[in-house]
Every structure is written in C-alpha cells, then in structure tokens.
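Observations on the model geometry
Here is how the chains run, residue by residue.
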Amino acid sequence: MAKTVISGDIIASTSLDDSERAKIEKSLRALLKDLKHYFNVYGRLIKGDNIECVVEEPSEALRVALAIKSYVKSIRLNKTVKETNNIRFLKYRTYRIRLAIGYGELSRYDPEKGIIDGEAIYLSGRKISEMETYTKERIVIKNTLFFASNNEKLNNEFGTLLALLDVLLTKATSRQSEVLYLKLTGLNEEAIAKKLNIKQSTVNQHSTSIGWIAIEKAVKQFSNVIKKI
C-alpha cells in the first residue's frame, strides 16, 4: 500500500546564530510530538533543521504538510527594532521550511527502529535536493511546497495547487500562521481564541486574511483525489 513521506529543511538555516538554531531545533521537536498526537505521524529530526515524516494515511498528507509549514512560519526568532515616523516597534524574524510530499511504496518502515526506506522517501528527498532556494551570494525565493510521485498526471494536478497554497502561506504573518496551524489540527475558533488568549473575532479575522476557506477546500480536494487512487 502506498504511503506518503514528507521531507523538509529550513530555508537558509546557515544564516541562523547558535541561539536561533537551538530555538528552531527545540520547536521542531515539539512539532513532531504534535504531529504524532494529532495525525499519528511518525517523524524524525535530522541535523537539527531537517525533518522526515511518514504519513500512513496518504489522503492526510497535504493537511500535515501545511501544518508543518504554518507551524514553522509561526516561530518568532530574534527581534529587531524598527522606527517609522519616530514610532519604535518590534519586528520578529520568521523562517520558512521547504517541503516535498513523496507518494509511493515503502519497502521498509519500522518507526521503533527509525527505519524509513523505499520509493516514497526517495521521491521526497530527491525533490528537496533538486529545488535550491538560495546561493551563497543571495536568497532566491522559489516555490517551497512540492509533490512527487511516479504519476505525472498527479504531479501536474497537485503541482499547481501546491504552488498557489505556497503563495498564501508566504504572505502570512506569524500570528496568522499560528491560527492556521491550530485550525489544521482540528480546533475551532472558540478553542483557538482561548488557547491564544485573544478574541474569537480576531481569530476569525486572521482566518479570513490567510484564506482559510480556500485552504480547507484545497486540503479536501487533495484528500478526495488520493482516496480515489
């Protein structure tokens, strides 16, 4: 039976200082625990800034991938002070993660021993290595969300969908990303408001701004297509 493997790496992680690296690593470890709790996903962290996750129910892969991206985008790193019209305000840096969903068979998979081997992980890992997003001289922003399988029709269909979703998440603020992550885990707006200690109307505003309705439709479309295969 086919499975999905999500491979990912933090974009421009070499630009992080030691404290930022430590925060990213701690945050990713917490994320992997969340993914296990909410989606029954096995995940592992490699070198502190790379992750590999096995989504045993392939139809849930896009939801999980978007949860990962929004979680990472919600992490606030070192703050900088900006001044505009003599008004000082704090601005936090946020980071993005590049992800590839690989769809295929796993010849060997043993979470207890940390073994992931087979077509699905080869596809996701190869896609990540192909898509350079930065050079030593400058950061080159490209798409950061990909789908890879041996079915070209599926690749083309999901390629466009994921590229559009990538644009939405790229423009999102850290707070909008935080709200999106919690909605993807299944929490309603009332529960999110309580968890974040903000008004429910504010949660709704963030949901609207990030395009939750479109994101939800995309997740359902992906799920329905995969289930039919």
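The structure reproduced in this document is the subject of the present report. Bear in mind the structure is a predicted one, so any value in this text is a computation, not a measurement. (Residues numbered from 1 in each chain as written. Predicted model: local features only at pLDDT ≥ 70, side-chain atom pairs only at ≥ 80, totals over all residues. Heavy atoms only, no water.)

1. So, the nonpolar core
- Counting residues in each nonpolar core, the largest one holds 56 residues, and the members touching the most others are I6, L35, L62, L66, I68 and F158.
- Looking at which element gives the most residues to this core, the answer is helix α2 (residues 61–74), with 9 residues.
- Setting aside anything within four residues of it in sequence, one finds L66 in contact with L145, L165, L169, L184, I215 and V219.
- Core analysis: the second largest hydrophobic core is formed by 7 residues, V5, Y42, L106 and A120 among them. (Core = buried A, V, L, I, M, F, W, Y, C linked by side-chain atoms within 4.5 Å. Buried < 20%, exposed > 50% of the residue type's maximum accessible area, 1.4 Å probe, protein only. Helix = DSSP H or I, 4+ residues; strand = E, 2+ residues; numbered from the N terminus. Contact = heavy atoms within 4.5 Å.)

2. A closer look at unusual backbone geometry
- The phi torsion at N40 lies on the positive side, around 55°, for a residue other than glycine.
- Its location among the elements puts N40 in the loop between α1 (18–39) and β2 (42–46).
- At N197, a residue that is not glycine, the phi angle is positive and equals roughly 60°.
- On the secondary structure map, N197 appears in the loop between α6 (189–196) and α7 (200–210).

3. Observations concerning α1
- Look at α1: 31 Å from first C-alpha to last across 22 residues, which is about the 32 Å you get at 1.5 Å a residue.
- Buried within α1 are the following residues: E20, I24, S27, L28, L31, L32, L35 and F39. The arc enclosing the buried residues of α1, seen along the axis, measures out at 150°, which places them on a common side. What points out from α1, more than 90 degrees from its buried face, is the exposed set D18, K26, K33 and H37.
- Buried residues belonging to α1 abut β1 (3–10), β2, β3 (50–55), α2 and α5 (174–184).
- Directly after α1, the chain includes N40, whose backbone phi takes a positive value near 55°. (Expected span 1.5 Å × (residues − 1). Arc of directions from axis to C-beta.)

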